[in-house]
Amino acid sequence: MLNSLTLKRNIKSFSVSPENPTGEKGRGGMATLENASAARAARELGTGWKLNPYIVLDGQKTAVLADIKGEGAIKHFWITDSAQRGRHLILRIYFDSQSSPAVCAPLSDFFANADYNDYRAVNSLAMCFNPKKGMNCYFEMPYFKGFRVEVENLSEHPANIYYQIDCEEKKLDPDSLYFHAQFRRVNPLPYKSVYTILDNVKGKGQYVGTYLHWGVKSNGWWGEGEIKFFIDGDTQYPTICGTGTEDYFCGAYNFDVGGKYTEFCTPYTGLSKVERTDDLYKVQKHFDMYRWHITDPVYFDKDIRVTIQALGWRSEGRYLPLQDDISSVAYWYSDNLSDEYPPLPDNDSLELIGGTKL
C-alpha cells in the first residue's frame, strides 16, 4: 500500500463530521455560538474554534450523520459516544438511494467489541478499537450515486456522538462492489441447532470477515464446532468446512496457554476480550473473536450461507450441543443491494445481560 502514495491521483478528499456535516470544500468549522454543541466551552473564542465537535442524539431518536451525493468511497470511519449505550446505538449505512441498509448492526458489534465499556484493544487492519472508545473501520465502501449514514438511539437517554467519515470523490471501476455488514443474535441457541452467521445473500461477491461474541453458559470448553461456507447452491454439505471454532479464528487447542485463555490481537484475527469473572455477579465467560478474510476472501458467484456449530464435551468423550448466547456480524462485498436482512432483536433482546447498564 505504501507504494500507492507515490502516484498522481485524480481524487478529491473530503470528510464529514459535526464540524462539516456536508463535507463541502472550505466549509469546515463554520458553526456559530447560536447553533453549536460546545458553545459554552467556546463562548470566549467564537467561530473557527472548537464549537461543534459532536451532536446530541436524544433517546429513541435517529440522527443522519452523513447524506452525500456523488461517486467515490468511504475510506475510514471513526466514531465514539459519551455514554454507556453499547448495543443500544444502531448503525445503518445506505448506498445509492437504497431503501434498506447495506450495513445494519449495533455500533459496538460492528466495531468488534459488543460490550465496549469493558475496554479491550482491537489492533487489526480492518477495525481498530482504541483507548478509550475510539472505534475505527478501514473497510473501503464504494458508492456510485451517494451514501447515507444513520445512528439510532434505542435507549431513553441522550448520547453525544463524535464522528468523522473520511471519503474520496473519484471515478470507480464499474465492477466495484458494495460493502455489507449484518448482525444476528440467538440467545439461547436451541439444543442441537446450528448458529447462522449469514443467509439469503444473493449476487456475486466475496465474504471478508466475521465477528463473534460468544456468551458461554456451561463449564468446560465450548469451541469444538465447525464453521461452514455454503457457496453457489450448496445445500446439505458445504464447499468449505472448518475444523473447530478456535481453528477458524486462527488459534489452536482452546486458546489455552498454561491452563488459561490467552488473548491475541493480529492484523487478520484475534481473541480480543476474555470476560473477567468474579464469585458473585459476573459468573459467565464472554469472548470476542474476529477473523478478516482480507488475503483470503471467500468468493461466490450466486449466493452464500455461513453457519457455525456450538459444541462442547460431555461424558464418555462425546460432543455436547451447547445452548449459548451467540451473536455475530458478517462482512461482505457484493453487487446486490436488495438482500433482505432479518429484523434486529428488540431493545431488551439486544442487551448483554450482566454487561452494560443503561
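Up top is the structure.
Residues numbered from 1 in each chain as written. Predicted model: local features only at pLDDT ≥ 70, side-chain atom pairs only at ≥ 80, totals over all residues. Heavy atoms only, no water.

Helices and strands together make up the secondary structure of the chain, namely three helices and 27 strands. Relative to the 2.2 N^0.38 estimate, which gives 21 Å for 358 residues, the radius of gyration of the chain is 21 Å and therefore close to what a compact globule would have. When its C-alpha atoms are laid out on the principal axes, the chain stretches across 75 × 50 × 40 Å. Looking at the chain as a whole, 52% of its 358 residues are labelled buried. Counting contacts in the chain only where the partners sit at least 6 residues apart, residues at least 24 apart contribute 74% of the total. Of the roughly 17600 Å² of accessible surface on the chain, 50% is carried by carbon and sulfur atoms. (Helix = DSSP H or I, 4+ residues; strand = E, 2+ residues; numbered from the N terminus. Rg over C-alpha atoms; globule rule 2.2 N^0.38 Å. Buried < 20%, exposed > 50% of the residue type's maximum accessible area, 1.4 Å probe, protein only. Contact = heavy atoms within 4.5 Å. Areas by Shrake-Rupley, 256 points an atom, 1.4 Å probe, with all protein chains shown as cover.)

With that out of the way, let us pick up the packing of aromatic side chains. Applying the stated criterion to the full structure yields 29 aromatic pairs. Seen in terms of ring centroids, F255 and F264 are 5.9 Å apart; in terms of plane orientation they differ by 40°. Their pairing is tilted. According to the relative accessible area criterion, F255 is buried, its value standing at 5%. Three or more aromatic residues joined by ring pairs form one cluster here, namely F77, F110, F111, F139, F179, Y290, W292, Y331 and Y333. Above the plane of the ring of Y94 lies R148, whose end atom (NZ or CZ) is 4.1 Å from the centre. The ring centre of F230 lies 3.9 Å from the NZ or CZ of R305, which sits over that ring. (Phe/Tyr/Trp six-rings, centres within 6.5 Å; stacked < 30°, edge-to-face > 60°. Lys NZ or Arg CZ within 6 Å of the ring centre and 35° of its normal.)

Looking at the element boundaries, P297 is found in the loop between strand 22 (286-292) and strand 23 (298-300). For the pair P297 and G270, spaced 27 residues apart in the sequence, the C-alpha separation amounts to 17 Å. Sequence-distant contacts of P297, that is, excluding residues within four places in its chain, are made with Q206 and Y207.

It is worth spelling out the sheet that holds strand 14 (residues 195-202) at this point. Strand order in the open sheet formed by four strands is 14-24-16-17, with antiparallel pairing between adjacent strands. Strands at the two margins of the open sheet, each flanked by one partner only, are strand 14 and strand 17 (240-241). Bridge count between strand 16 (residues 227-231) and strand 17: two bridges; the pairing is antiparallel. Directly across from F229, in strand 17, lies its bridge partner I240. (Pairing = 2+ DSSP bridges.)

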